[in-house]
Amino acid sequence: MLRFIVRRVLQAIPTLLILSILVFAWLRSLPGGPAAALLGDKATPEKIADLNHVLGLDQSIFLQYFKFLGRAITGDFGSSLVSGQPVMSEIGTFLPATIELGLSAIIIAVVLGIPFGYLAARFKGGIADNVIIVLTLVGVAVPIFFLGYIMQDLLSAPLGLPSQGRQAPGIDATAVTNFAVLDGVLTSEWDAVWDAIKHLVLPAFALATIPLAVITRITRASVLDVFNEDFIRTANSKGLTDSVVRQRHVLRNALLPVVTTIGLQTGALLGGAVLTERVFNFRGLGFLLAEGIERRDYPRLQALLLFGALVYVVVNMLVDISYGLIDPRVRVR
Amino acid sequence: MQQLRLTRTRRAALAGLAGVVAVSLSACAESKRDEAGGGGSGGTMVFGNTGNPKMFDPTFTDEGETYRITRQMLDTLVQNKPGTADLEPSLATKWEPSNDGKTWTFTLKQGVKFSDGTPFNADAVCYNFDRWFKMSGAAAQSQMIYYADVFGGFAKNEGSATGDPVYKNCEAKDPNTAVLNLNKAKGAFPAAFTLPALSIQSPSALKQFGADKVTQSGDSFTYSEYAYKHVTGTGPFKFESWDQGKGEITLVRNDTSTMPAPAKLDKLVFKVIPDENARKQALKAGDIDGYDFPAPADYGLLRKDGDQVLVRPSFNVLYLGINQSGNPKLKDPRVRQALAYGINREQFVKSKLAEGSEVATEFVPKAISGYTDDVTKYPYDPEKAKDLLKQAGASDLSLKFYYPTEVTRPYLPNPADTFTAISQDLKNIGITIQPVAEPWNGGYKDDVQQFGKQDIHLLGWTGDYNDAGNFVGTFFAREKKEFGFANPELFKTLAQADASPAGDQHAKAYQQANKQIMDFLPAVPIAYPSPAIVVDAKIKGVVASPLTDERFNNVTTG
């Protein structure tokens, strides 16, 4: 297992290196550039040229890349053009919000998606199946920002759920880890915990819709596949009860593709978080990225895109490892 | 069926629970607000900012989001009278230029202290002027955009874009008299003394927290601890905290302020909410008490909810740029006049812009000194436009019309709508339009301003201070790719106007320049749009400023 993990870590290095080249080249190819973004509306061609010189942006692209890589390896991604703060410290400040939101969304998606998928498969062709299929289609098809606005307009006021931010303005919670719910628990500020949970509900459900729909469908398909496997027929013919067959054989075997999907969806959540955090003003990495794109904040974009790639690589690595835990055959291979 | 009944029961229970939660929550929110103050004075106002401030030392930025906050804490020598662009005393009770405009004598207000307890006096004023002039390091100088614009250059320029310095020195004649000596007269004064970038800050705090240290960090810069945590001025509020994670900046009342007095509010919180719809939702939910730049389409709805939509007097201009080095036919003045006569600006302003907006007759808004009604006007006359095109042999004119996307600006609230309206008018007089839409930061500004790829384009300007040179000087004082013309006579007129001493002579020089510009017609002024600010019904004392220069010192949460 250790060799397997080491091999996966080593494989991740060239992946990240190639991604760093792509991200760097892409950002450098965009019109505008950091100097124009820094100077804003008062930029003149002369001032831009001056600033490009100060920032070393008039040097060769290779030299710029190697300088960037040298700094990046030591964790220095420079300062944000928007906030003036070191980008790594921004990531540290904003990451807990995204983890909190992403984790809530994935929990909602898993807790609801697996039973829904199983239910749909079990009653294939019935009313429950059809309703679930239609709902999952809607879940995938409706864009998050649209869904977010609809939720804000229709649900926020009637349910008394906040539509903006992570915390009500009047709540002065003590920040320990920057995880709002956890901080409230740690400091026994129960008002703050309740407030943070309320702020999480709408964005977490908005963000959960796509993974929920995908997990439901994959579970349904996977369970149906397993139902048709020979070993289920064998189990049934051995005289095992339905519930034993379902729990011991069907679910366990059907979960493998579902776990893969959960892993992939966790990575993809970062993409969804950009829109969700923006719509709900939930200040996490997605919010930072959206603001970075709008304001052409190159240092921030470089760091966040590479950080996103790193998360994706790590999550997939964890998924691979969890295969081995769920299905011993993978370990043998 | 039983399942359905159960669901219904659960739903009813859930709705009931939600109702209870909602009621208790709102009660909770009310009680928190009550505790925070209220009752005619005091209390907390939470204001929705459209973007993140970059820092709080206004010296190194030209950003409105930073200024909105710093103008609550810092004072300038001269300020704008609330609600207007007129000048009135601030830290200086009197300011007088010499006859040649090269010396400015400021009589300072007495008994003023910085919020760190140190005295404000002529030495402090001179310290600030010297600080700007002697700023070293290319990183620092390159960020001092307004100082470089107004003062031309530094003691030692560290870039080719800066030139000869206007500033010579500053003398503290006595504690209450500061004398500013210039190398040449500058038309921007005294209005430019109102610029937030020229706010007077506490010398001791500037020194203590290393305010001048600006270092390069990757493709950007980092600033000193002073800029993030310790900005110190004389204003009615003082800095308390900046919570990056929550996007909240908190200021508290500066009890020692005599400028003119401590604020009435106990606390002023700025909450960053970039999305316009989200700001509206937050106001509705009571999370914020006001925000900037409501969408014109929402004015009615907001007023219906009891909110106050305060429309600012216009301080900006939207124009149709003409690049004479684009299509060669645009060099013919008759063709440019045809464009002006061919656009139905009255209709455009009425149907597409917010209330308070007006048709532009020249490139400076009415509130600016130097505006004149005595300019050549180009009322809507499509027949005349067609005739002029015919006379110029340009009846088959085809133009590349550039317009920006992914942006709203106070002068251009909806670029696509504006483009559609204007291009339809131009098509009606027989011009073929080739539309080119580009993202604002992703090509538009470069292509239009740096490379001059367009024939015509949409752009505008929001004024920084009450001086016509800040508008027409910026546009037409020298050769620019954006407009693609060289008119030495006009350049000379504008240079003379810029150097003319303050007062009537200065205003007249710009009136003359404006007449000349509208005869030459290097572009077509379209409108003076009016942005707005919205506050909750209970907020009293906000006065909308044409320069977005609202100070919240008199605000109360009724």
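Where an unreviewed UniProt entry is consulted, chain B appears under the name Peptide/nickel transport system substrate-binding protein, with the organism given as Amycolatopsis sulphurea. According to its UniProt record, chain B has this under Sequence similarities (unreviewed entry): "Belongs to the bacterial solute-binding protein 5 family."

Chain A carries the name Peptide/nickel transport system permease protein in an unreviewed UniProt entry, which gives Amycolatopsis sulphurea as its organism. Its UniProt record gives chain A the following Sequence similarities (unreviewed entry) comment, quoted word for word: "Belongs to the binding-protein-dependent transport system permease family." According to the UniProt record, the Subcellular location (unreviewed entry) comment for chain A reads "Cell membrane".

Student: How should I be thinking about the overall build of chain A in this particular structure?
Tutor: Scanning chain A from N- to C-terminus turns up 14 helices and zero strands. Ordered by position in the sequence, the α and β elements of chain A form the string α-α-α-α-α-α-α-α-α-α-α-α-α-α. Counting the 333 residues in chain A, one finds 49% classified as buried. Sequence separation of at least 24 residues holds for 73% of the intrachain contacts in chain A that already meet a minimum separation of 6.

Student: Got a minute to help me understand the state of the cysteines in this structure?
Tutor: What is meant by a disulfide is a covalent connection between two cysteines, made through their sulfur atoms. All names here are of chain B. Applying the stated criterion across every chain, the model contains one disulfide over all chains. Paired through a disulfide, Cys126 and Cys170 show a sulfur-sulfur distance of 2.1 Å. Its torsion about the S-S bond being -65 degrees, the disulfide of Cys126 and Cys170 is classed as left-handed. Of this pair, Cys126 sits in helix H3 (residues 122-133) while Cys170 sits in strand E6 (residues 167-174), and the two are 44 residues apart along the sequence. Just as Cys126 is buried, Cys170 falls in that class too.

Student: I'm lost on the nonpolar core in this one. Help?
Tutor: For soluble globular proteins, nonpolar side chains are generally found buried alongside one another. Residues and elements named next belong to chain B. If you look at the biggest cluster of nonpolar residues, it comprises 114 residues, and the most contacted ones within it are Leu77, Phe129 and Phe151. Broken down by element, this core gets its largest block of residues, seven residues, from H3. With near-sequence residues (within four places) excluded, Phe129 lies in contact with Leu77, Tyr147, Phe151, Tyr167, Cys170, Leu180 and Phe193. The next biggest cluster of nonpolar side chains, apart from the first, holds 74 residues, and it includes Val349, Trp440, Leu521 and Ala523.

Student: Would you mind showing me how to read the interface of chain B and chain A here?
Tutor: Interface size, as often reported, equals the accessible area lost upon joining of the parts. Of the residues lining the interface, 57 residues belong to chain B; the matching set on chain A comes to 56 residues. Both faces considered, chain B and chain A share a buried interface measuring about 4,900 Å² in area, 49% of it formed by carbon and sulfur atoms. On the surface where chain B and chain A come into contact, there are two salt bridges. Residues Arg28 of chain A and Asp219 of chain B are paired through a salt bridge, measuring 3.0 Å at the closest nitrogen-oxygen approach. Here chain B and chain A share 11 residue pairs in polar contact (both at pLDDT 80 or more) between them. If you list the elements that add at least two residues to the side of chain B that touches chain A, you get helix H1 (2-36), helix H4 (138-143), helix H5 (145-151), strand E8 (215-217), strand E9 (220-222), strand E12 (267-272), helix H8 (276-284) and helix H14 (440-450) of chain B. At eight residues, H14 of chain B tops the list of elements feeding residues into the side of chain B that touches chain A. For the side of chain B that touches chain A, the per-class residue count stands at 20 nonpolar, 20 polar and 17 charged.

Student: Where do I start with the sheet that holds strand E18 (residues 432-439) of chain B in this structure?
Tutor: Two strands in a sheet stick together by hydrogen bonds in their backbones, pointing the same way (parallel) or opposite ways (antiparallel). Residues and elements named next belong to chain B. Taken in spatial order, the six strands line up as E16-E20-E15-E19-E17-E18 in an open sheet, and their pairing is mixed. Of all the strands in the sheet, just strand E16 (358-359) and E18 have a single pairing partner and so form its edges. Of the strand pairs in this sheet, E16 and strand E20 (residues 523-528) are connected by two bridges, and their pairing is antiparallel. Within E20, the position partnered with Val359 by the bridge is Ala527.

Student: Can you help me understand the pairing of strand E1 (residues 44-49) of chain B in this one?
Tutor: In summary, the side chains of a regular strand alternate between the two faces of the sheet. Residue and element names in this part refer to chain B. Counting buried residues along E1, six of its six residues qualify, which places the element largely inside the surrounding structure. Examined bridge by bridge, E1 and E12 share six bridges and lie parallel to one another. Bridging across to E12, Asn49 finds its partner in Val272. Where E1 and strand E13 (residues 290-292) come together, two bridges link them in parallel fashion. Each residue of the ladder has a partner; that of Gly48, found in E13, is Tyr291.

Calculation rules
- Residues numbered from 1 in each chain as written.
- Chains lettered and ligands numbered in written order.
- Predicted model: local features only at pLDDT ≥ 70, side-chain atom pairs only at ≥ 80, totals over all residues.
- Heavy atoms only, no water.
- UniProt positions renumbered as here; feature names shortened; annotations may be inferred.
- Helix = DSSP H or I, 4+ residues; strand = E, 2+ residues; numbered from the N terminus.
- Buried < 20%, exposed > 50% of the residue type's maximum accessible area, 1.4 Å probe, protein only.
- Contact = heavy atoms within 4.5 Å.
- Disulfide = S-S within 2.5 Å.
- Core = buried A, V, L, I, M, F, W, Y, C linked by side-chain atoms within 4.5 Å.
- Buried area = accessible area lost by both parts, 1.4 Å probe.
- Salt bridge = Lys/Arg side-chain N within 4 Å of Asp/Glu carboxyl O.
- Polar contact = N/O pair within 3.5 Å; in protein donor to acceptor, adjacent residues only side chain to side chain.
- Nonpolar A, V, L, I, M, F, W, Y, C, P; charged D, E, K, R; others polar.
- Pairing = 2+ DSSP bridges.

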